[in-house]
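If you want the building blocks of each chain, they are given just below.
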Amino acid sequence: MSINDKDYVPYEGEDMQRYIERVMAVEPPTHPARDWVYKLLKYLFSPTFLDADKLPDKPCLFVANHSIYAVDGPILGLPMLAEHGRFLRALSDKWMWNSVNEQFLLNQGAVIGHPEVCSALMEGGQDILVFPGGAHEATKPADQKYTLQWKERTGFVRMAAKHGYTIIPTAAVGPEEFYRHLMEGRDLPNSLLGKLLTRFGLLNENSRTDLMGPIPVGLFGTLLPKPQRCFIQFGDPVDLSEYKGKVPSKAQQMAIRSDVAETIEGMISSLFLKRAQERFKDKFWRRVLSA
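Residues numbered from 1 in each chain as written. Predicted model: local features only at pLDDT ≥ 70, side-chain atom pairs only at ≥ 80, totals over all residues. Heavy atoms only, no water.

**Description of the nonpolar core**
If you look at soluble globular proteins, the nonpolar side chains tend to sit buried side by side.
No. 1: In this structure, Tyr19, Leu61, Val63, Val117, Ile167 and Ile264 are the most contacted members of the largest nonpolar core, which totals 47 residues.
No. 2: Considering every element that reaches this core, the biggest residue donor is helix H9 (residues 250-277), with seven residues.
No. 3: Non-local contacts of Ile264, meaning those with residues more than four positions away in its chain, are made with Val63, Ala64, Asn65, Leu148, Trp150, Pro169, Thr170 and Ala171.
No. 4: Counting 24 residues, the second-largest nonpolar core is a separate cluster that includes Ile75, Met80, Phe131 and Tyr179. (Core = buried A, V, L, I, M, F, W, Y, C linked by side-chain atoms within 4.5 Å. Buried < 20%, exposed > 50% of the residue type's maximum accessible area, 1.4 Å probe, protein only. Helix = DSSP H or I, 4+ residues; strand = E, 2+ residues; numbered from the N terminus. Contact = heavy atoms within 4.5 Å.)

Take a look at the structure:
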């Protein structure tokens, strides 16, 4: 079965329990390479955190908007660890996982987005990062940049409530401009490339359409991201400790979800304005290369 098939399941049963044990054994990276990569990210993208003073001194569930092909993960993860000492365990799509890359992804803080894994992390008191839009939001077309593609999903609210976690609405602006879209994913099936993929069996009726993302073009027409400056803002904490051990009603879940989404959308708008106001602070090379 292909990893982009709708029925692909990388872990289940005893293998899921083995996987969870490995998840919980991971420690924040301390290798010198971590610092080198952080400094490179800081130089190229200058990620700037706003309202970090709002973060409570306890494990939280960071809920954020998603950018093209999940390039926002490192932009959030490494600076948060280096500057605030918080090791975010990012929930990721199941298609990313297999026995070959498992340990590498775990070492970066990533975990598969599965309820059992999330529960184990919350019971262990760890910071978690979730993008409710998932792969669908990470492969959206250019005309939908910075829009939340959450549909009716409330799973992150149920999990936070069950464990009495605090939700931190998180907005990121910048990563969506790392690439322009040469072709949108929705146009792929009827393109020459799509027909070739179908002919070789890589696309079929069982393929996940949310994994058909745009063909990205970055710096100088390559896959290297443009050095766009990034801003990350945190909203007021949403404390769900009163629900611990309980399941909120569907109406309560939707209300909490809507509040979080509206907070993120509001912060995205304010970050657009801040970026425009501070554009003059960017070095000349950044303004040219990120155009």
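The structure having been displayed, the exposition proceeds.
**What to know about a nonpolar patch on the surface**
No. 1: The grouping of Leu192, Leu196, Phe200 and Leu202 at the surface amounts to a nonpolar patch, some 460 Å² of accessible area in total.
No. 2: Its place among the elements puts Phe200 in the loop between helix H8 (192-199) and strand E8 (215-217). (Patch = residues over 30% accessible without salt bridge, like charges linked within 9 Å, V, L, I, M, F, W, Y side chains within 5 Å. Areas by Shrake-Rupley, 256 points an atom, 1.4 Å probe, with all protein chains shown as cover. Salt bridge = Lys/Arg side-chain N within 4 Å of Asp/Glu carboxyl O.)

**Some words on the layout of surface pockets**
No. 1: Computed from the structure, the second largest pocket encloses a volume of approximately 210 Å³.
No. 2: Its residues placed into classes, the lining of the second largest pocket shows three nonpolar, six polar and four charged. (1 Å grid on protein atoms, 1.4 Å probe; cavity = no way out; pocket = protein on both sides within 12 Å on 5 of 7 lines; lining within 4 Å. Points joined across faces, edges and corners; volume = space filled by probe spheres on them. Nonpolar A, V, L, I, M, F, W, Y, C, P; charged D, E, K, R; others polar.)

**Things to note about the packing of helix H1 (residues 14-25) against helix H5 (residues 115-123)**
No. 1: One way to put it is that H1 packs onto H5 with a least axis distance of 10 Å and a crossing angle of 35°. With respect to the hand of their crossing, H1 and H5 are arranged in right-handed fashion. Contacts between H1 and H5 involve Met16, Gln17, Tyr19, Ile20, Val23 and Met24 on the former and, on the latter, Glu116, Val117, Ala120 and Leu121.
No. 2: Residue composition of the contact of H1 with H5, by class: eight nonpolar, one polar and one charged. (Axes fitted to C-alpha atoms, helices over the stretch in contact; angles between N-to-C directions. Left-handed = near helix turned anticlockwise from the far one by under 90°.)

**Details of the pairing of strand E3 (residues 89-92)**
No. 1: Here E3 shows two buried faces, one formed by Arg89 and Leu91 and the other by Ala90 and Ser92.
No. 2: As paired strands, E3 and strand E5 (residues 128-130) are joined by two bridges and run parallel to one another. Within E5, the residue paired with Ala90 across the bridge is Leu129.
No. 3: Summarising the sheet, E3 and strand E4 (residues 111-112) pair through two bridges and their orientation is parallel. Looking across to E4, one finds that Leu91 is bridged to Val111.
No. 4: Assessed by its sense of winding, the connection that carries the chain from E3 through helix H4 (residues 102-107) to E4 is right-handed. (Pairing = 2+ DSSP bridges. Right-handed = clockwise from strand over helix to strand, strands pointing away.)

**Considerations on H1**
No. 1: Between its first and last C-alpha, H1 extends 17 Å over 12 residues, near the 16 Å set by a 1.5 Å rise per residue.
No. 2: Every buried residue belonging to H1 is among Met16, Tyr19, Ile20 and Val23, and all of these are buried. The buried residues of H1 occupy an angular sector of 100° when projected down its axis, which confines them to one face. Projecting away from the buried face of H1 at angles above 90 degrees are the exposed residues Glu14, Glu21 and Ala25.
No. 3: Residues of H1 that are buried sit in contact with E3, H4, E4 and H5. (Expected span 1.5 Å × (residues − 1). Arc of directions from axis to C-beta.)

**Some thoughts on the packing of H5 against helix H7 (residues 155-162)**
No. 1: Axis separation between H5 and H7 bottoms out at 10 Å; the angle between their running directions is 35°. When the axes of H5 and H7 are compared, the crossing they make is right-handed. Judged by residue contacts, Pro115, Cys118, Ser119 and Met122 of H5 engage Met159, Ala160 and Lys162 from H7.
No. 2: Classifying every residue of the contact of H5 with H7 gives five nonpolar, one polar and one charged.

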